[in-house]
Amino acid sequence: MNILICDDDKEIAEAISIYLQNEGYTTLTAHDGKKALSMLDENEIHLIIMDVMMPEKDGLRATMEIRREDNVPIIMLSAKSEDTDKILGLNMGADDYMTKPFNPLELIARVKSQLRRYTALGSLPEQGGEGIYTTGGLCLDEKQKTVTADGEEVRLTPLEYKILHLLMRNPGRVFSIDEIYERVWGEDSVGAGSTVTVHIRRLREKIEINPGEPKYIKVVWGLGYKIERLDNSPRR
């Protein structure tokens, strides 16, 4: 699989590249956001590691532009550790966020985790597991890995798809933030509240006519989130 590393610090980019190549990945390197966008257009990329602070075009703007057309997983790197910076990165479309300096083994683990979700949920069809889930004008096709809202296809990232899939398979059931994180990310949910909230917000913006007054994904205050059943269509 091809991984694009975008960091203006050439030593960091080279170190990440070596670690990933040792794991069998093919790496490409860019040192600014503008070059990263160009390389994404010219190559088949399966994951991007994107630094926030870069010349020409910073990582936040580059991520925002990528998300207009592509759902490739993006792991954002930053020297800033404040929650506000993490939330901003996730809001721009990043799937994960790591603070420098980081443990290379942790980065590799997160890369593998994101790639598993991408191949299973974002790009390649899986064997079996056929099913169509509907509520109101929202439809999730498990076999085709597609989501439509009022007949229009909605482009979701693998994490957004997995959250929606979890909720739509269990209409009316309330899932706590911790449970959503543990089921979707496959990790302990310590300190993960803001991550889930940001992804739910992005998901609502894509499937709801008015995200401020959601029709499908409802919050149950103090408990969590659920998908509203708006019709009598059974799962089939």
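Numbers given to residues run from 1 along each chain, matching the order in which its sequence is written. Reporting in this predicted model follows two pLDDT cut-offs: at least 70 for local features of residues, and 80 or more for side-chain atom pairs to be given and counted; totals over whole chains, interfaces and linings ignore these cut-offs and use all residues. Hydrogen atoms and water are omitted, and side-chain values are computed over all heavy atoms in the structure.

Q: What's the story with the overall build of the chain in this structure? I'm lost.
A: Working definition: helices are DSSP H or I runs of at least four residues, strands are E runs of at least two. Numbering for both runs from the N terminus. Each helix and strand in the chain was counted, giving 8 helices and 11 strands. Put simply, the radius of gyration uses C-alpha atoms, and a globule should come to 2.2 Å times the residue count raised to 0.38. Its C-alpha atoms give the chain a radius of gyration of 18 Å, within 12% of the compact-globule value 18 Å for 236 residues. For the chain, the spread of C-alpha atoms along the principal axes amounts to about 55 × 35 × 30 Å. For every residue, the accessible area (1.4 Å probe, protein chains only) is compared with the maximum for its type, and the residue is labelled buried under 20%, exposed over 50%, or partly exposed between those bounds. By the burial criterion, 46% of the 236 residues in the chain qualify as buried. Residues count as neighbours in contact if any of their non-hydrogen atoms are within 4.5 Å of one another. Counting contacts in the chain only where the partners sit at least 6 residues apart, residues at least 24 apart contribute 56% of the total. A total of about 11900 Å² of accessible surface is found on the chain, and carbon and sulfur atoms cover 47% of it. Just so you know, the count uses Lys and Arg for positive and Asp and Glu for negative, and it drops His and the chain ends. By convention, the point assigned to a charge is CZ for Arg, NZ for Lys, CD for Glu and CG for Asp. Counting 31 positive and 40 negative side-chain charges, the chain places the centres of these two groups 5 Å from one another. Residue exposure ignores everything except the shown protein chains as possible cover, and the areas themselves are Shrake-Rupley values with a 1.4 Å probe.

Q: I keep staring at the layout of surface pockets and nothing clicks. Help me out?
A: Over the atoms a probe the size of a water molecule is rolled, and this reveals where empty space is left. Detection works on a 1 Å grid of protein atoms alone, calling trapped sets that fit a 1.4 Å probe cavities and calling open sets with protein on both sides within 12 Å along at least five of seven lines pockets, with lining residues defined by an atom within 4 Å of a point. Grid points are joined across faces, edges and corners, and a volume is the space filled by probe spheres set on the points. Considered as a void within the structure, the largest pocket measures approximately 350 Å³ in volume. Lining the largest pocket are 20 residues, and of these Lys 86, Asp 96, Tyr 97, Arg 110 and Tyr 181 lie nearest its centre. Those elements that provide at least two residues to the lining of the largest pocket are helix H4 (83-92), strand E5 (96-99), helix H5 (104-123) and helix H7 (177-185). Per-element tally for the lining of the largest pocket: the top contributor is E5, with 4 residues.

Q: In this structure, what is going on with the packing of aromatic side chains? I would like to understand it.
A: The geometry of an aromatic ring pair comes down to the distance between the two centres and the angle between the two planes. Any pair of Phe, Tyr and Trp rings, taking the six-membered ring for Trp, is counted once the centres come within 6.5 Å. Such a pair is stacked with planes under 30 degrees apart, edge-to-face with planes over 60 apart, and tilted for the rest. Within this structure, the stated rule accounts for 1 aromatic pair. Between the aromatic rings of Tyr 181 and Trp 185, the centroid separation amounts to 4.7 Å while the plane-to-plane angle is 10°, which identifies the pairing as stacked. Note that Tyr 181 and Trp 185 are positioned in helix H7 at a spacing of 4 residues, about one turn of the helix. Exposure class is identical for Tyr 181 and Trp 185. Each is buried.

Q: Explanation requested: the sheet that holds strand E7 (residues 138-141) in the structure shown.
A: Sheet strands line up and pair through hydrogen bonds in the backbone, either parallel or antiparallel. In this analysis, strands are considered paired if DSSP registers two or more bridges between them. In space, the 4 strands of this open sheet follow the order E6-E7-E8-E9, with antiparallel pairing throughout. Each edge of the open sheet is held by one strand with a lone partner, namely strand E6 (132-135) and strand E9 (152-154). In this sheet, adjacent strand axes meet at a mean angle of 25° when their direction is disregarded. The sheet strands contacting helix H6 (residues 158-168) are E6, E7 and strand E8 (146-149), and the helix crosses E7 at an angle near 105°. Simply put, an axis is a line fit to the C-alpha atoms, just over the touching stretch for a helix, and the angle between two N-to-C directions goes from 0 to 180 degrees.

Q: Just to check I follow, could you spell out the pairing of E5 for this structure?
A: Each regular strand carries side chains that alternate between the two faces of the sheet. Two strands pair when backbone bridges link them, and strand E4 (residues 74-78) and E5 are joined in this way by 4 bridges, in the parallel orientation. If you follow Met 76 over to E5, its bridge partner there is Tyr 97. The handedness rule is simple: strands pointing away from the viewer, and a clockwise path from the first strand over the helix to the second, make the crossover right-handed. Note that the unit made of E4, H4 and E5 has a crossover that is right-handed.

Q: Looking at this structure, how should I read the sheet that holds strand E3 (residues 47-51)?
A: Strands sit in the order E2-E1-E3-E4-E5 across an open sheet of 5 strands; the sheet is parallel. At either end of the open sheet lies a strand with only one pairing partner, and these are strand E2 (26-30) and E5. Along the sheet, successive strands turn relative to each other by an average axial angle of 20°, direction set aside. As judged from the 5 bridges shared by strand E1 (residues 2-6) and E2, these two strands associate in the parallel manner. What sits directly across from Ile 3, in E2, is Thr 27. Of the strands in this sheet, E1, E2, E3 and E4 touch helix H1 (residues 10-22), which is tilted by about 165° from E1. Seen against the sheet, helix H2 (residues 33-42) touches E1, E2 and E3 and runs at an angle of roughly 140° to E2.

Q: Could you clarify how one ought to interpret the nonpolar core in this entry?
A: What tends to happen in soluble globular proteins is that the nonpolar side chains get buried as a cluster. As used here, the term nonpolar core means buried Ala, Val, Leu, Ile, Met, Phe, Trp, Tyr and Cys residues forming a set that is joined through side-chain atoms within 4.5 Å. Counting residues in each nonpolar core, the largest one holds 28 residues, and the members touching the most others are Leu 138, Leu 164 and Ile 217. Residue contributions to this core peak at 7 residues, all from H6. Those residues in contact with Leu 138 that lie beyond four places of it in its chain are Tyr 133, Val 147, Thr 148, Ala 149, Leu 164, Met 168, Ile 207, Tyr 216 and Ile 227.

Q: Explain the pattern of salt bridges to me, please; I cannot follow it from the model alone.
A: Any two side chains of opposite charge can pair, on the condition that their charged atoms come close. Each reported salt bridge corresponds to a side-chain nitrogen of Lys or Arg within 4 Å of a carboxyl oxygen of Asp or Glu. This structure, assessed with the given rule, holds 12 salt bridges. For Asp 51, the salt bridge identified is with Lys 100, shortest N-O distance 3.1 Å. Of this pair, Asp 51 sits in strand E3 while Lys 100 sits in the loop between E5 and H5, and the two are 49 residues apart along the sequence. One salt bridge connects Glu 179 with Arg 183, and the closest N-O pair in it is separated by 3.4 Å. Separated by 4 residues within a single helix, Glu 179 and Arg 183 lie in helix H7, roughly one turn from each other. Classification of Glu 179 as partly exposed rests on a relative accessible area of 22%. One salt-bridge network, held together by shared partners, links Asp 7, Asp 51 and Lys 100.

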